[in-house]
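Spelled out from the first residue to the last, the chains are:
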Amino acid sequence: MDQARSTISKIFNGEPHSYTRFNLTQNMEGDTSQVEMKLSSDVEEEIGGNGVGEQLNHNASRRSYIAQRIGRSPKNLCLMAATVFLIFIIGFMIGYMGQQKKESPPSCVTSVLPAEAPAARETGAAPLMDWDDVKNLLAKKLTVADMDTALSEFTSDSHRAGSDGDEHLGNLILNRFKQYGMMTWTDEHFVKVQDPPASGSNRITFKDREERPTGFLSYSASGTVRGALLYANYGEEQDFRQLRDKNINMQGRVMLVRAGKISFAEKVANAARMDASAVLIYPNPTDYSIGSDTSLFGHVHLGSGDPYTPGFPSFNHTQFPPVQSSGLPNILAQTITADMGGKILRQLGGPGRPEQWEGFGNLGGENDTVTVEVNNVLTEKRIHNVFGVIKGFVDADRYVVIGAQRDAWGPGFAASTVGTSVLVELARSISDMVKHNQFRLRRSIVFASWSAGEYGSIGATEWLEGYLSSLGMKAFSYISLDGIVTGRNGFRVSGSPLMHKLIENTLLELSDKGASLFPQYAKGNLKDILEPLKLHNAAYPFLAFSGIPSLSFRFTAGSAEYQYFGTTLDNRENLNTITSSQVPQLAIAAGRFAGHIALRLVHDHLLQMDVQKYGEVIRSHVVKINLKVKAVRNERPQLLPKDLTMQWLNSASGSFSRASSDLARDIQNSELEDVGMCRKLNDRIMTVERNFLSPFISPQDSPFRHILLGSGSHTLKALLGHLDALKTDDREADSVFRTQFALATWTIQECANSLAGDIWSLDNEI
């Protein structure tokens, strides 16, 4: 044992050896190798004082130093072997125990609570919740009790745009969004609007009887005119054509028209084209049962947004030169009550009215003079739009926008309160689904509360103008909640053809008392409830100005229009009368419809839009244009040049149909688990609407550049009017038609090229 201790002591505590040298030499005369190990002590014996070895050849039979020492005692050899084995066992056990500690980390102290892990955002393509579960969750979250509370909370008798009441409601909505955990922000604009004179009034004088109406029309021209009065029914284009066909001189006349069918702005614009000097608008008792002394309020800007900043936003720091919208009228416009209108009509002379027109017998003669004085005041107001967003978990930078007007001329219960309540309740419900039910949106939802909607969708349009380049690439749909409950027996919807199939599927999926909504309202055909998206609708600028697929809808009282828009009688009591006190229930139904569409657009891998529907719309216009050109050539062949051909328009239409079919096929054959591919396909779908905006038209001159659903001389519908103008003495008609025909043709072809995707996939027929 003492010898063992001595040996171990020499190994671990003996004189240190600086290194061990291994010499591996190749025997040039044979295949064997010889390994020689020399410790530093041996080397010291072989080198001289100058460090150079005196002898480089070693005797192969010479025994090493250690071998000699070990060989001196067999017992030492056994002890050394046992010691090496013991050391090996100890090392192995230490290594094993250390490995076990690495595999079993120590547990946390029980008094320390783990940090709450953030909700994991989806990075794959598969949905985290089945669609049936999503729509059932929304139905459970939207309750009549919560909706009724919201309706009461957002009811206000005074919240005209820019007022304290408007700002109070905006702050209330902003706080609600914050309570729901949404990211919020506001958008400030300084806009110019016309209000009635603070002192004095507007006046109407007919046959020495002066009237001072309290209603007014914002953006009317100001001043005083005197002219012979002429009754023009509803002031539609066909009404003025009938007057012209009767050879009635309309220049300088003051037109008296009935409210309804078209907007105030369209009535005034039609009258201005006839060289009228002013327009008086009244509610006829056969259309409006609102009382004989109820005033009407509205605007006559043939457009949307601030007419003094056309095409660009009304931010306070902008330095644009003074400019006006081309949609501002240059003639006076004023509303009067039903009583005032009736008194004037009963005293009119002149020729008799057309048989198709209802009302009194005479149209008015040259001696039926009237004086109109409008003293509206142009003022600047600060308005705020309020936003909240629920971010998506896959494509957060792609979003659907749901918006509602917040302001009103008076109580505005149907005009704004119902829509605002549904907006806030949808935000609450969907936020709750994300927080507590693990619902994960692929894309984002932006909730927007607009101000100055009554003046012509100013808040919404200014936002679009301010962020058009960003919104055009990222906002893939807009859903309007304005005026969504005006009755209970009918349903009307308008919007982009891209969304028609989604609308139909939504009505089929939603039910009321166990029955699908589609057969209840559409009676088996979507066309029964479809109507054109009109200029005064807040969804219109999203579609026709920005190229964002948009949707507007409402529950109606059958075919009857809601009579209280634009009056101070738009309150809860009157809406309850029309709906049999079912306002909260109808608001829930409206919320489910809008929420269903929004959630479908943010839930599915691919946007549920029918890219081939526009092919049908284009073909319909092309057929009408071909027939019109053929008719003109048959009647008066000299009006059209011989080299004018429909070939290129027909080819462009065919190119679009093929491109949309190819995109539909790519969608059908896509791999839904490929997130990148789905994003590319969705981006191609999003370009469809935007590419229908004519690139050849200035937004300042004609903001609604959509060639199919916009307004102006650049649209396909306008081409038919240009062909009619060829029959007149208009010398510019031929040039206008040919120019707009060529530009419209190329716009359609560009749409087809964009749909095709890659440059090598383009159709080169034109």
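Residues numbered from 1 in each chain as written. Predicted model: local features only at pLDDT ≥ 70, side-chain atom pairs only at ≥ 80, totals over all residues. Heavy atoms only, no water.

A.B. asks: Explain the overall build of the protein here, please?
C.D. replies: Within the protein, the secondary structure is distributed over 23 helices and 20 strands. Here the protein holds 766 residues, and 51% of them are scored as buried. Pairs at least 24 residues apart make up 78% of the contacts formed inside the protein by residues separated by at least 6 positions. As displayed, the protein has an accessible area near 37,000 Å², and 51% of this comes from carbon and sulfur atoms. (Helix = DSSP H or I, 4+ residues; strand = E, 2+ residues; numbered from the N terminus. Buried < 20%, exposed > 50% of the residue type's maximum accessible area, 1.4 Å probe, protein only. Contact = heavy atoms within 4.5 Å. Areas by Shrake-Rupley, 256 points an atom, 1.4 Å probe, with all protein chains shown as cover.)

A.B. asks: In this structure, what is going on with the side chain of H722? I would like to understand it.
C.D. replies: Locating H722 in the fold gives a position in helix α22 (residues 716–725). If sequence neighbours within four positions are ignored, H722 has contacts with S713, V736, F737 and Q740.

A.B. asks: Can you help me understand the sheet that holds strand β15 (residues 443–450) in this one?
C.D. replies: Strand pairs in the sheet, formed through backbone hydrogen bonds, run parallel or antiparallel to each other. Spatially, seven strands are ordered β3-β13-β15-β14-β16-β20-β17 in an open sheet, and the strand pairing comes out mixed. Pairing within the sheet leaves two strands with one partner each, and these edge strands are β3 (183–195) and β17 (490–495). Taking each pair of neighbouring strands and ignoring which way they run, the sheet shows an average axis angle of 20°. With eight bridges connecting them, strand β14 (residues 395–405) and β15 associate as parallel partners. Residue pairing in the sheet places D395 in a bridge with R443 of β15. Helix α12 (residues 458–466) contacts β3, β13 (377–390), β14 and β15 of the sheet and is inclined by roughly 115° relative to β3. In the packing of helix α21 (residues 675–690) onto the sheet, the strands contacted are β14, β15 and β16 (475–480), and the crossing angle to β14 comes to about 35°. (Pairing = 2+ DSSP bridges. Axes fitted to C-alpha atoms, helices over the stretch in contact; angles between N-to-C directions.)

A.B. asks: Can you walk me through the packing of helix α5 (residues 131–141) against helix α18 (residues 583–603) in this structure?
C.D. replies: Between two packed helices, both the angle of their axes relative to each other and the distance between the axes serve to describe the pair. Running from N to C, α5 and α18 point in directions that differ by 150°, and their axes come no closer than 10 Å. When you trace α5 past α18, the crossing you get is right-handed. In this structure, α5 contributes W131, V134, K135, L138 and A139 to the contact, and α18 contributes R592, G595, H596, L599, R600 and H603. For the contact of α5 with α18, a count of residues per class yields five nonpolar, three polar and three charged. (Left-handed = near helix turned anticlockwise from the far one by under 90°. Nonpolar A, V, L, I, M, F, W, Y, C, P; charged D, E, K, R; others polar.)

A.B. asks: Before we go on, may I ask you to explain the sheet that holds strand β8 (residues 254–258) in this structure?
C.D. replies: Spatial ordering of the open sheet is given by β5-β4-β12-β7-β8-β9-β11, a layout of seven strands whose pairing is mixed. Both edges of this open sheet fall to β5 (209–211) and β11 (332–335), since each of them pairs with a single strand only. Strand-to-strand twist in this sheet, taken as the mean axis angle between neighbours without regard to direction, amounts to 30°. Strand direction decides the pairing type here: strand β9 (residues 278–282) and β11, joined by four bridges, are parallel. The residue of β11 that forms the bridge with V279 is A333.

A.B. asks: Even after reading the chapter, I still don't get the nonpolar core, so can you show me in this structure?
C.D. replies: If you look at soluble globular proteins, the nonpolar side chains tend to sit buried side by side. Counting residues in hydrophobic clusters, the biggest one holds 172 residues, and the most contacted among them are M255, V418, F447, F553 and L599. When residues of this core are assigned to their parent elements, the largest contribution, twelve residues, is made by α18. When residues no more than four places from it in sequence are discounted, the contact partners of F447 are F177, M182, V386, F387, G388, I390, I402, L423, L426, A427 and I430. The next biggest cluster of nonpolar side chains, apart from the first, holds 23 residues, and it includes F387, Y399, V401 and Y478. (Core = buried A, V, L, I, M, F, W, Y, C linked by side-chain atoms within 4.5 Å.)

A.B. asks: Any chance you could explain the environment of H605 here in plain terms?
C.D. replies: As for its position among the elements, H605 is in the loop between α18 and α19 (613–635). Judged by its relative accessible area of 15%, H605 is buried. Measuring from C-alpha to C-alpha, the distance between H605 and R443 comes to 9.6 Å, with 162 residues separating the pair along the chain. One polar contact links H605 to R442, side chain to side chain, over a distance of 3.2 Å. (Polar contact = N/O pair within 3.5 Å; in protein donor to acceptor, adjacent residues only side chain to side chain.)

A.B. asks: Help me out: how do you make sense of unusual backbone geometry in this one?
C.D. replies: The bulk of non-glycine residues show a negative phi, and the bulk of peptide bonds are trans. Unlike most non-glycine residues, Q438 shows phi in positive territory, near 55°. According to the relative accessible area criterion, Q438 is partly exposed, its value standing at 47%. In this model, S457 sits at a positive phi of 50°, which is unusual for a non-glycine residue. Within the secondary structure, S457 is located in the loop between β15 and α12.

A.B. asks: Can you help me understand the confidence of the model for the protein in this one?
C.D. replies: Low-confidence regions, as indicated by low pLDDT, have predicted coordinates that should not be scrutinised in detail. This prediction gives the protein a mean pLDDT of 85; 82% of its residues lie at or above 70. Here residues 1–72 is modelled with pLDDT under 50, and outside its nearest four sequence neighbours on either side it reaches 53 contacts, counting other chains as well. Taken together, the stretch residues 100–126 has pLDDT below 50 and engages in 24 contacts with residues farther than four places along the chain or on a different chain. (pLDDT = per-residue confidence, 0-100.)

A.B. asks: Sorry, what's going on with the packing of aromatic side chains here?
C.D. replies: Within a pair of aromatic rings, the relevant descriptors are the distance that separates the centres and the angle that separates the planes. The final tally for this structure, using the stated rule, is 26 aromatic pairs. Three or more aromatic residues link up through ring pairs in this structure, and these residues are W185, F387, W450, W463, Y478 and F542. If you follow R443 out to its NZ or CZ, it ends over the ring of F476, 6.0 Å from the centre. (Phe/Tyr/Trp six-rings, centres within 6.5 Å; stacked < 30°, edge-to-face > 60°. Lys NZ or Arg CZ within 6 Å of the ring centre and 35° of its normal.)

A.B. asks: It is not clear to me how α18 should be interpreted in this structure. Could you clarify?
C.D. replies: A turn of α-helix holds 3.6 residues, and therefore any two residues three or four places apart point the same way. With 21 residues, α18 extends 29 Å between its outermost C-alpha atoms, agreeing within 8% with the 30 Å of an ideal straight helix rising 1.5 Å per residue. By the criterion of burial, α18 is predominantly enclosed, with 18 of the 21 residues buried. (Expected span 1.5 Å × (residues − 1).)

A.B. asks: Just to check I follow, could you spell out the packing of helix α7 (residues 164–179) against helix α11 (residues 413–436) for this structure?
C.D. replies: At their nearest, the axes of α7 and α11 sit 10 Å apart, and the two run at 10° to each other. Judged by the inter-axis angle, α7 sits roughly parallel to α11. Listed contacts from α11 to I173, R176, F177 and Q179 of α7 are T420, L423, V424, A427 and K435. The class makeup of the residues in the contact of α7 with α11 is five nonpolar, two polar and two charged. (Parallel < 35°, antiparallel > 145°, perpendicular 65-115°, else oblique.)

A.B. asks: Explain the environment of L644 here, please?
C.D. replies: Looking at where L644 falls in the secondary structure, it is placed in the loop between α19 and α20 (647–668). Taking the relative accessible area as the measure of exposure, L644 reaches 8% and is therefore buried. Sequence-distant contacts of L644, that is, excluding residues within four places in its chain, are made with R633, F737 and F741.

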